[in-house]
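Structural overview for review
Spelled out, the chains give:
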Amino acid sequence: MNAAPADQIRLLDLQALDTRLGQLAHKRQSLPEHAEIASLEADLTQHRDLLVAAQTEESDTAREQTKAEQDVDQVRQRAARDQQRLDTGVGMSAKDLENLQREVVSLAKRQGDLEDVVLEVMERRESAQERVTELTGRVGSVQAKVDDAVARRDAAVGEIDAEAASVTKEREIVAASVPADLLKLYDRLREKQGGIGAARLNQRRCEGCRLELDITELNEVRAAAPDQVVRCENCSRILVRTTQSGL
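To keep things clear, this report deals only with the structure shown in the data block. (Residues numbered from 1 in each chain as written. Predicted model: local features only at pLDDT ≥ 70, side-chain atom pairs only at ≥ 80, totals over all residues. Heavy atoms only, no water.)

Overview of the overall build of the protein chain
Summing up its helical and strand segments, the protein chain has five helices and four strands in all. Starting at the N terminus and ending at the C terminus, the protein chain contains elements arranged as α-α-α-α-β-β-α-β-β. Taking 247 residues into account, the globule formula puts the C-alpha radius of gyration at 18 Å, and the protein chain, at 42 Å, lies well above it. Along the first, second and third principal axes, the C-alpha set of the protein chain runs to 135 × 35 × 25 Å. Taking all 247 residues of the protein chain together, the buried fraction comes to 32%. Partitioning the intrachain contacts of the protein chain with sequence separation of at least 6 by distance along the chain shows that 76% fall at a separation of at least 24. Total accessible area on the protein chain stands at roughly 14,900 Å², and carbon and sulfur atoms take up 50% of it. Each charge class in the protein chain can be summarised by its mean position, and for the 36 positive and 46 negative side chains these summaries are 5 Å apart. (Helix = DSSP H or I, 4+ residues; strand = E, 2+ residues; numbered from the N terminus. Rg over C-alpha atoms; globule rule 2.2 N^0.38 Å. Buried < 20%, exposed > 50% of the residue type's maximum accessible area, 1.4 Å probe, protein only. Contact = heavy atoms within 4.5 Å. Areas by Shrake-Rupley, 256 points an atom, 1.4 Å probe, with all protein chains shown as cover. Lys, Arg positive; Asp, Glu negative; His and termini not counted. Charge placed at Lys NZ, Arg CZ, Asp CG, Glu CD.)

A closer look at the packing of helix α1 (residues 5–29) against helix α4 (residues 180–192)
As a packed pair, α1 and α4 sit with axes 11 Å apart at the nearest point and diverge in direction by 40°. For the element pair α1 / α4, the angle class is oblique. The handedness of the crossing between α1 and α4 is right-handed. Contacts from D7, Q8, L11, L14, Q15 and D18 of α1 reach α4 at L182, L183, Y186 and R190. For the contact of α1 with α4, the per-class residue count stands at five nonpolar, two polar and three charged. (Axes fitted to C-alpha atoms, helices over the stretch in contact; angles between N-to-C directions. Parallel < 35°, antiparallel > 145°, perpendicular 65-115°, else oblique. Left-handed = near helix turned anticlockwise from the far one by under 90°. Nonpolar A, V, L, I, M, F, W, Y, C, P; charged D, E, K, R; others polar.)

Considerations on the packing of helix α2 (residues 32–88) against helix α3 (residues 94–176)
At a minimum axis separation of 6 Å, α2 and α3 run at an interaxial angle of 165°. Compared by their axis directions, α2 and α3 come out roughly antiparallel. The handedness of the crossing between α2 and α3 is left-handed. For the contact of α2 with α3, a count of residues per class yields 29 nonpolar, 11 polar and 24 charged.

Re the sheet that holds strand β1 (residues 198–202)
Overall, mixed pairing links the four strands, which are arranged β2-β1-β4-β3 in an open sheet. Strands with a single pairing partner mark the edges of an open sheet, and in this sheet they are β2 (205–206) and β3 (230–231). Pairing of β1 with strand β4 (residues 238–241) involves four bridges; the strand directions are parallel. The residue bridging A198 from the neighbouring strand is I238, located in β4. Lying over the sheet, α1 contacts β1 and β4, oriented at roughly 115° with respect to β4. (Pairing = 2+ DSSP bridges.)

Written as structure tokens, this is what we have:
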């Protein structure tokens, strides 16, 4: 393939732009905020799960407390009725009064036991409420950190994307000035060779693979016409000759 020396040198400008686009893409993907956000979101999910569990426990103990208080109230009401009957004693035999007295004593014990249950449930509910308050604060704190990291990431991504858009426009202009067949070869090589399709021959060394050309290779390059597109024998990239090539 033949191409004017100026067109070949223009490939170096194109390569520099493509290299910069690759650097920007890598920078975008490897922003530290990505890992920070992932870690924070994992913490946030964990804290939210714990909060839901605490809220469920608080809700369950609230219902348990209501049921226990209702049980106490029922026993209290029954005891009050029995005590009233006992106080009046109207139409009751001595045996009935004795049985009623025992029932009042039994109900008083039952009421005491149920009130102890209420106190125990209230303590568990209070503990659950404290846990809910604590976890709500933690969730809010982690969420704030997530929001901050996302804002920093978005700002960094915005800057990178803006530069990438500018470089892309510049690349389009440079690419349009390169002959189609030369550009096609360059793009194919760039895809196969890790993003580098053209490299400068600098002081007898290919800047693509960093290997120095041996004497046979140098003689072949020296013998090539200025408009001949030469390739590196080691990496197959387009080898661009300049005044610094050492030929």
